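Coordinate analysis (summary)
So you can see what is in the structure, the chains are spelled out below.
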Amino acid sequence: MSDANPNPQELSIAPSPPRCPDGAKVEIITAREVPLGGPRAMTVRRTLPQKQRSLIGAWCFMDHYGPDDVSASGGMDVAPHPHTGLQTVSWLFEGTITHHDSGGHHAVVFPGEVNLMTAGAGICHSEVSTQETTTLHGVQLWTALPDAHRHGPRRFDHHAPEAVEFDGGQALVFLGTLFGDASPVTTFTPLVGAEIRLAAGATVSFDVDASFEHGLLVDAGEVDLEGVPVARGELAYTGTGETQLRIRNTGDSPARMVFIGGEPFTENILMWWNFIGREYEEIEQFREQWQAQDERFGHTYGYIGHHADGLSWLPAPELPHSEIKPRINPESIARPEERI
């Protein structure tokens, strides 16, 4: 996905709610609304990256959208656009999306099935909600590739996880290992990703990897993590060192969440538009090559947008006047006092 907004919204800091005295510290990251995909952009709620925290493990981007009435919103229509140095992770709750990329991969993204695209040195792809979709609802995430793998080949993985049942709910583990289930999808740093569903009034305590930091995005329901309320659309963060976490649904309707985590990503990265690099000169080169339709990114075939007069590819925005600096992430320790 693509964000060309040159003026991100500045938000004020307010105190966070108290945490459970005997539980893990929890830091709340609130979302900002961002237009996505060009002139007829749909609106998404973005929790990563933020000034407050840029990464959770190698997870560097998290957009949450819907449920959107496609007849009113227009749905998703993101023309071919580039990526470098990252993996895209698509996860839907409702609706379907067609995917075409320059690696020759063509797929339909269905709810409950993960589609992971590895950009490597360069790729371009399109994302369009299908004609049959009436409601569009899901998350789009990116993970940063470590330097040893960011110059590698394009790749596409698909996995439909079986639900893992537990008392009061279930989980769909799409990356890594959780609740005793393991995803076969290849990642290049240790990661975990899962959809967790909790019945009304249910509580689940589950084991986590102590070397990971974790995030919990609430999609639906009244949820608390370690006793800290997490509103719909918020991302709750816990640092490394935790071996078990507790989630509780305090409401009278089912709750749904997306749980992510990974070993802290220690490399400094430059992230601008759809590119991840290490030096400003790299970002300049990526932009120049994309504008020239260089073979670094290849060509996407099969894109059919919703509008006959729409763009056939997304041109890159202008670079900022000042040089882009690396994203310096804070320590892997939750800061309950930080709430943006």
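This text gives an overview of the structure that appears in the document. Please read all numbers here as calculations on a predicted model, not as lab measurements.

**Considerations on the overall build of the chain**
Secondary structure summary: the chain contains two helices and 26 strands in total. Whereas a compact globule of 340 residues would reach a radius of gyration of roughly 20 Å, the chain reaches 19 Å, a difference of no more than 12%. A principal-axis box enclosing the C-alpha atoms of the chain has dimensions of 55 × 45 × 40 Å. When the 340 residues of the chain are sorted by exposure, 56% land in the buried category. Taking the contacts inside the chain whose residues are at least 6 apart along the sequence as the reference set, 75% of them involve residues at least 24 apart. Total accessible area computed for the chain in this model is approximately 14,000 Å², and 49% of it derives from carbon and sulfur atoms.

**Side note on the nonpolar core**
In terms of nonpolar packing, the biggest core is built from 34 residues, with Trp-59, Cys-60, Met-62, Val-89, Phe-174, Val-258 and Ile-260 touching the most fellow members. Counting only elements with at least two residues in this core, the list comes to strand 4 (59-69), strand 6 (86-94), strand 9 (114-118), strand 11 (135-144), strand 14 (169-175), strand 22 (235-238) and strand 24 (255-262). Excluding residues that lie within four positions of it along the chain, Val-258 makes contacts with Met-62, Phe-93, Val-139, Phe-174, Ala-194, Gly-215, Leu-216 and Leu-217. Ranked by size, the runner-up nonpolar core spans 29 residues in total, among them Leu-270, Trp-273, Tyr-303 and Leu-319.

**Let's talk about the pattern of salt bridges**
Counting across every chain of the model gives 11 salt bridges. A salt bridge links Asp-63 to Arg-46; its shortest N-O distance comes to 2.6 Å. Here Asp-63, found in strand 4, pairs with Arg-46, found in strand 3 (residues 42-48); they are 17 residues apart in sequence, far enough to count as distant. Like Arg-46, Asp-63 is buried. Connected via shared salt-bridge partners are Glu-27, Arg-53 and Arg-335.

**Description of the sheet that holds strand 22**
Paired through their backbone hydrogen bonds, the strands of a sheet run either parallel or antiparallel. Spatially, seven strands are ordered 1-22-19-24-17-14-13 in an open sheet, and the strand pairing comes out antiparallel. Two strands in the sheet have a free side with no partner beyond their single neighbour: strand 1 (27-29) and strand 13 (164-166). Across the sheet, the mean angle from the axis of one strand to that of its neighbour is 25°, orientation sign disregarded. Here four bridges tie strand 19 (residues 213-220) to strand 22, and the two strands are oriented antiparallel to one another.

**Brief notes about the pairing of strand 14**
The buried fraction of strand 14 is high, at seven of seven residues. With three bridges connecting them, strand 13 and strand 14 associate as antiparallel partners. Looking at strand 14, one finds that Phe-166 is bridged to Gly-169. Hairpin connection between strand 13 and strand 14: a loop of two residues separates the two successive antiparallel strands, and Gly-168 in this loop has a positive phi of roughly 95°. In this structure, strand 14 lies alongside strand 17 (residues 191-198), joined through six bridges in antiparallel fashion.

**Structural notes on a negative patch on the surface**
Together, Glu-279, Glu-281, Glu-284, Glu-288, Asp-294, Glu-295 and Glu-323 give the surface a local cluster of negative charge. Counting through the fold element by element, Asp-294 comes out in the segment after helix 2 (280-291).

**Let's talk about the pairing of strand 10 (residues 123-129)**
Counting buried positions along strand 10 yields seven of seven residues, so the element is predominantly enclosed. The alternating pattern of strand 10 places Ile-123, His-125, Glu-127 and Ser-129 on one face and Cys-124, Ser-126 and Val-128 on the opposite face, and all of these are buried. Bridging between strand 5 (residues 77-83) and strand 10 involves five bridges; their strand directions are antiparallel. Following the sheet pairing, His-81 is matched in strand 10 by His-125. Bridge count between strand 7 (residues 97-101) and strand 10: five bridges; the pairing is antiparallel. Across the sheet, residue His-100 finds its bridge partner in strand 10, namely Ser-126.

**Focus on helix 2**
Here helix 2 contains 12 residues, and its C-alpha end-to-end distance of 17 Å stays within 8% of the 16 Å for a straight helix at 1.5 Å per residue. When we look at burial in helix 2, the residues that qualify are Tyr-280, Glu-282, Ile-283, Phe-286, Arg-287, Gln-289 and Trp-290. Residues of helix 2 that are buried in the fold lie against strand 5, strand 10, strand 25 (270-272) and strand 26 (275-277). Following helix 2 by one or two positions, Gln-293 has its phi on the positive side, about 55°.

Criteria and thresholds
Just so you know, the residues in each chain are numbered from 1, in the order the chain's sequence is written. For this predicted model, a pLDDT threshold of at least 70 governs which residues receive local features, and a threshold of 80 or more governs which side-chain atom pairs are given and counted, while totals over whole chains, interfaces and linings are taken from all residues. Heavy atoms throughout the structure, all of them, feed into the side-chain values; hydrogens and water do not. Here a strand is any run of E in DSSP of at least two residues, a helix any run of H or I of at least four, and the numbering for each starts at the N terminus. Between the two quantities, the radius of gyration covers C-alpha atoms and the globule rule is 2.2 Å times the number of residues to the power 0.38. The buried label goes to any residue with under 20% of its type's maximum accessible area, the exposed label to any with over 50%, and the partly exposed label to all in between, with areas taken from a 1.4 Å probe on protein chains only. We call two residues in contact whenever any of their non-hydrogen atoms come within 4.5 Å of each other. In this description, accessible areas are obtained by the Shrake-Rupley approach with a 1.4 Å probe, and a residue is regarded as covered only by the protein chains that are shown. Buried Ala, Val, Leu, Ile, Met, Phe, Trp, Tyr and Cys residues that are joined via side-chain atoms within 4.5 Å together make up what is termed a nonpolar core. When a carboxyl oxygen of Asp or Glu lies within 4 Å of a side-chain nitrogen of Lys or Arg, that pair is called a salt bridge. Strand pairing follows a simple DSSP-based rule, namely that at least 2 bridges must link the two strands. In this analysis an axis means a line fitted to C-alpha atoms, helices contributing only their contacting stretch, and an angle means the value between N-to-C directions, from 0 to 180 degrees. Like-charged residues are merged into a patch within 9 Å and nonpolar side chains (Val, Leu, Ile, Met, Phe, Trp, Tyr) within 5 Å, provided each residue has over 30% relative accessible area and no salt bridge. Note on charges: Lys and Arg go in the positive column, Asp and Glu in the negative column, and His and the chain ends are not counted at all. By convention, the charge on Lys lies at NZ, on Arg at CZ, on Asp at CG and on Glu at CD. Multiplying one less than the number of residues by 1.5 Å gives the expected span of a helix.

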